[in-house]
Amino acid sequence: MLKNVQPFVAGYRFGSVGVAHNGNLVNYQALRAQLEENGSIFNTSSDTEVVLHLIAISKARPFFVRIIEACEKLRGAYSMVFLTEDKLVAVRDPHGFRPLVMGRRSNGAYVFASETCALDLIEATYVREVNPGEVVVIDKDGEHNLCLMAHPEPKQCIFEHIYFSLPNSVVFGRSVYESRSKYGEILATEYPAECDVVIAVPDSGVVAALGYAAKIGVPFQQGLIRSHYVGRTFIEPNQTIRDFGVKLKLAPVRGVLEGKRVVVVDDSIVRGTTSSKIVRLIREAGAKEVHMRIASPPIIASCYYGVDTPSPEELISNRMTVEEIREFIGSDSLAFLSFDSLKKYLSRDAPNFCYACFSGNYPVKPTEVKVKRVGDFLDDGLIGSIESIDGGWVKAQTEKEEKVEHPV
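Residues take numbers from 1 onward in each chain, read along the sequence in its written order. The predicted nature of this model means local features are confined to residues of pLDDT at least 70 and side-chain atom pairs, given and counted, to a pLDDT of 80 or more, with totals for whole chains, interfaces and linings taken over all residues. Based on all heavy atoms of the structure, the side-chain values leave hydrogens and waters out of the count.

(A) Spatial organisation of the pattern of salt bridges. Salt bridge, as used here: a side-chain nitrogen of Lys or Arg that lies within 4 Å of a carboxyl oxygen of Asp or Glu. For the coordinates displayed, the defined rule picks out 16 salt bridges. The closest approach of N and O atoms between Lys140 and Asp141, which form a salt bridge, is 3.7 Å. Per-residue accessibility, obtained with a 1.4 Å probe over protein chains only, is compared with the maximum for each type, and a residue is labelled buried under 20%, exposed over 50%, and partly exposed between these values. Taking the relative accessible area as the measure of exposure, Asp141 reaches 57% and is therefore exposed. We note a salt bridge from Asp332 to Arg283, for which the minimum N-O separation is 2.9 Å. Placement of Asp332 in the loop between helix H12 (322–329) and strand E18 (333–336) and of Arg283 in helix H10 (residues 273–284) is noted, with a sequence separation of 49 residues between them. Residues participating in the shared-partner salt-bridge network are Arg128, Glu134 and Glu143. Only DSSP runs of H or I covering at least 4 residues are called helices, and only runs of E covering at least 2 are called strands; the numbering of each starts at the N terminus.

Spelled out as structure tokens, the structure:
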């Protein structure tokens, strides 16, 4: 909805403030209910609006102390930037789930962004990351740094390197391009396939496919062409239209695929619906064999920190084995990047990442039964049990529920 589009700008008794927020608050519903009980009126369904209300009701001075006071009530993931008439304030949650970097332009102006590639666009120089739990205040006197609260071990989102961030960014101190290329190389080492060509599911699977192809010495080619003029297919009202949407979005190149043994590299499998359609498209283009390689471990749990994955019941890896998934999508073979290999590659940085979607172990447990709306999911088409959806909200696994261990 347009009213949820950021940045949000609001007026309060000391002036106006704008805010942009990357992340997801796991205690949003409780905070909103409390604020509404005390008379607050909300114009959107975004958790970002809660932050503005908390700032408005605070009696603290100066302004940045209001932000600190508000953030102390938040649980979950947030990298936020606030703008007032005379201050620019950046804040990152104590776990550092989502990235936030600071840069400077040639005229001395400070800028903040979630990715370093955004700095390149405006010809700003990267300075550093905003640290987990840090508040950075920029005013006429320059830069001021404060500690929001004591922060535990960082838990940076591993999906930034798998899917979200652009390959030309440096996120959490690591090149996204190098990470994805290495994931492909590891896949090729652990799960090689006799093939004639390596292709990618564009765009997020391209760099991993290049790494895979280079490692096994087989040419990488563009076997699937993505249309950049077609929207996400999940919003279409029925499965037939969604299937047609995938054909519009991804077109197979028969000259590359016909009569070939094909390795297809993708960043992840969520529901499996897109993967099955892609395999079918490649076979219809004349491929002799189709081997799927996935540059991430199986996703078995929902993310509540800003990656819009569906409920656990809809995640195919949560309810099927790898062989069952292979049969479902119709490929000749299927392999995922192993969890252990991923952590081995990250080396000493491995403890600093969040792997909740691969393990079900949450650094910050959801405290509410409903924590996220059905929305911009990574995969296309909402299928599966509609009973898992309650009024547009996905059920969370709370601390009171017994956790089921999943081998990864």
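There is more to say after this.
(B) Structural detail: the nonpolar core. Judged by nonpolar contacts, the single largest core of 49 residues is most densely connected at Ile158, Phe159, Val198, Tyr305, Tyr355 and Phe358. Elements that contribute at least two residues to this core include exactly helix H5 (159–164), helix H6 (176–190), strand E13 (197–200), helix H7 (206–216), strand E16 (261–266), helix H13 (339–346), strand E19 (353–354) and helix H14 (356–359). Looking at this core element by element, the count peaks at 5 residues for H6. Judged by nonpolar contacts, the second largest core, of 29 residues, contains Val19, Leu25, Leu35 and Phe82. Nine residue types can take part in a nonpolar core, namely buried Ala, Val, Leu, Ile, Met, Phe, Trp, Tyr and Cys, and a core is a set of them joined through side-chain atoms within 4.5 Å.

(C) Highlighting the environment of Ile269. Structurally, Ile269 is set in the loop between E16 and H10. In this structure, the C-alpha to C-alpha distance between Ile269 and Leu315, residues 46 residues apart in sequence, is 8.5 Å. Residues within four places of Ile269 in sequence aside, it is in contact with Ser275, Ile294, Ile299, Ile316, Ile325, Leu334 and Phe336. The contact rule is simple, with two residues in contact once any of their heavy atoms fall within 4.5 Å.

(D) Fine view of the confidence of the model for the chain. This prediction gives the chain a mean pLDDT of 86; 84% of its residues lie at or above 70. What pLDDT expresses is the predictor's confidence in each residue, scored from 0 to 100. This stretch, residues 232–239, has a pLDDT under 50; its non-local contacts, to residues over four places away or in other chains, come to 20 contacts. Taken together, the stretch residues 370–394 has pLDDT below 50 and engages in 80 contacts with residues farther than four places along the chain or on a different chain.

(E) Layout of the packing of aromatic side chains. Note on ring pairs: Phe, Tyr and Trp rings are taken, using the six-membered ring of Trp, and paired if centres are within 6.5 Å. Classes follow the plane angle, with under 30 degrees stacked, over 60 edge-to-face and the rest tilted. In total, this model carries 10 aromatic pairs according to the counting rule given. Ring geometry for Phe159 against Phe358: centres 6.3 Å apart, planes inclined by 40°, an arrangement best described as tilted. Of this pair, Phe159 sits in helix H5 while Phe358 sits in helix H14; the two residues are 199 residues apart in sequence, bridging distant segments of the chain. Comparing Phe159 with Phe358, the two get one shared label, buried. Among the aromatic residues, ring-to-ring pairing joins Phe159, Tyr163, Phe164, Phe339, Tyr355 and Phe358 into one connected group. In this structure, Lys343 is placed above the aromatic ring of Phe339, and the distance from its NZ or CZ to the ring centre is 4.5 Å. The rule for a charge over a ring is simple: NZ of Lys or CZ of Arg within 6 Å of the ring centre, and within 35 degrees of the ring normal.

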